[in-house]
Amino acid sequence: MNDNTNNPPARANLMWGGRFEAGPAEVMERINPSIDFDRRMYAQDIAGSRAHCSMLVACGVLTREDGDAILGGLETILREIEAGDFAYDRALEDIHMNVEARLKALIGDAAGRLHTGRSRNDQVATDFKLWVRDAIDRIDAGLKDLQSALLAQAETHADTVMPGFTHLQAAQPVTFGHHMMAYVEMFGRDRGRMADCRKRLNESPLGAAALAGTSFPIDRDMTASALGFDRPAANSLDAVSDRDFAMEYLSAASIAAVHLSRLAEELFIWSSAQFRFVELSDAFTTGSSIMPQKKNPDAAELVRGKAGRIVGALNGTLMMMKGLPLAFCKDMQEDKEALFDAADNLELCVAATAGMVADLKANKAVLAAAAGEGFTTATDLADWLVRVLGRPFRDAHHVSGSLVRLAEKKGCGLEDLSLAEMQEVESGITEDIYTVLGVENSTQSRQSYGGTAPERVREQIARWKERLA
């Protein structure tokens, strides 16, 4: 008989050493642990354990004495981690086992009773959901700050004319405020997607155990309520294998990152010497090691670049999940590093963008000059022909295009053509045509809901101010 049957074999994991005769291979010890990154969920892990412990005591599964010892030990561990005094051990694999081992060192055998009625499967799903929920709350606050910065610029520049573009070609005059408000709307939708994600994820996996539930008389409604969930997840298989919340968060994050990248691209272009539409502050630009005149929009460039990193996290997670059978598979350990990285970078990009927007200075003179270039009031001319002369729009479009060609040949703007020259193309044109050809006249005329008329822009600013308040 083996005299060491009660002792775990060398290097075998203390949590399941009884099943194994030998320890893991060296490479297994490198690929298997997750503690290097899932330690970020320490607060969520301890919160889940507190809720589980209190529920076990209330249900009579744990004694009050053991429950008090466990709760006291968890509080000590939380203080140790937050003070930087906690010693993580990769041999214990993850945050759950590191906390449990430390708890045993503090309070003895009572620590082992905490795992009654749960598994690492429902524990990690609960921790991860709580972490993502906190990340959603953080990014919502950041996006709100960004919207406020955009609103401030919009309010300052509700009357500042600039060219609106399609295909990056001058299209029609708009106001700088109107352009800023477009991004307020975009980031508003991002916040809405995050809120939807938060609502859907807010079901508690705790108590689903490994995959089938538990035979212990637990109260899952109690733990769900204690952790701020709306309800327990209804199916134990789904509860431990669901990573929809991670994919949905990353999807919403990716769309937000695309919006940030689009704004960053515009700031990148607008701040160039060729455009000079805006000037970015020194706080969000860098110089050159060799060219003393350079002022590089590095913050905008990095925001634009990091969008690919965030979208990559979504793609990686989707591919990781696509072939997994129910229920939990260790593949799911790969969900956290990508999401943590995406969340960190999204929060960083939102903060940097809010700073750039708050500090930027719009060059009103350059914007106004550019607003009139490229015959941007040609559509106003066509609209006038429809509205005043009753011409079909397609005919008016043709007349307007002919006048653009004439002005282009003369090297002047539409407003610089004489009435006689215009009447050679369309005899019905009157002196009144000049009331619509200036860029200010153009923007003032766009009075439809959501249009660029300064009055409409101010209405949208007021609406958003009320929403953000």
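Worth saying up front: this structure is predicted, and the values here are computed from it rather than measured.

Novice: Please provide a residue-by-residue account of the packing of aromatic side chains, values included.
Specialist: Tallied over the full model, the rule gives 9 aromatic pairs. Taken together, a centroid distance of 6.4 Å and an interplanar angle of 25° make the contact between Phe165 and Phe277 stacked. Of this pair, Phe165 sits in strand S1 (residues 161–166) while Phe277 is found in the loop between helix H10 (244–270) and strand S5 (278–279), placing the two residues 112 residues apart along the sequence. You can call Phe165 partly exposed: its relative accessible area is 27%.

Novice: So what about empty space enclosed by the protein? Which residues, and what values?
Specialist: In this approach a probe as big as a water molecule rolls over the atoms, and the regions it shows empty are the leftover space. Counted under the stated rule, the structure contains 1 cavity of 30 Å³ or more. Its volume calculated, the largest cavity comes out at about 40 Å³. Lining the largest cavity are Asp45, Ser49, Leu74, His96, Val99, Glu100, Leu114, Arg118 and Gln123. The element contributing the most residues to the lining of the largest cavity is helix H5 (residues 95–107), with 3 residues. Counted by class, the lining of the largest cavity contains 3 nonpolar, 3 polar and 3 charged residues.

Novice: Tell me what's going on with unusual backbone geometry, and back it up with residues and numbers.
Specialist: Between Leu326 and Ala327 the backbone carries a cis peptide bond, its omega angle lying at 5°. Here Ala327 lies in the loop between helix H11 (298–321) and helix H12 (335–359). The backbone phi angle of Ala209 is positive, close to 60°, even though this residue is not glycine. Here Ala209 shows up in the loop between strand S3 (203–204) and helix H8 (220–226). A relative accessible area of 8% means that Ala209 is categorised as buried. Of note in this structure, Phe375 is not a glycine but carries a positive phi near 55°. Judged by relative accessible area, which is 21%, Phe375 ranks as partly exposed.

What counts and how
- Numbers given to residues run from 1 along each chain, matching the order in which its sequence is written.
- Under the rules for a predicted model, residues below a pLDDT of 70 receive no local features and side-chain atom pairs below 80 are neither given nor counted, while totals for whole chains, interfaces and linings still include all residues.
- With hydrogens and water excluded, all non-hydrogen atoms of the structure serve as input to the side-chain values.
- When two rings of Phe, Tyr or Trp (its six-membered ring) have centres within 6.5 Å they constitute a pair, described as stacked for plane angles under 30 degrees, edge-to-face for angles over 60, and tilted for the intermediate range.
- Comment: elements are numbered from the N terminus, with helices defined as DSSP H or I runs of at least four residues and strands as E runs of at least two.
- Think of it in three bands: residues with accessible area under 20% of the maximum for their type are buried, residues over 50% are exposed, and the middle band is partly exposed, with areas taken using a 1.4 Å probe on protein chains only.
- Cavity means a closed set of points on a 1 Å grid over the protein atoms alone, one where a 1.4 Å probe fits but cannot get out, pocket means an open set with protein on both sides within 12 Å along at least 5 of 7 lines, and lining means a residue has an atom within 4 Å of a point.
- Grid points are joined across faces, edges and corners, and a volume is the space filled by probe spheres set on the points.
- Polarity classes work like this: nonpolar for Ala, Val, Leu, Ile, Met, Phe, Trp, Tyr, Cys and Pro, charged for Asp, Glu, Lys and Arg, and polar for all others, with Gly in that last group.

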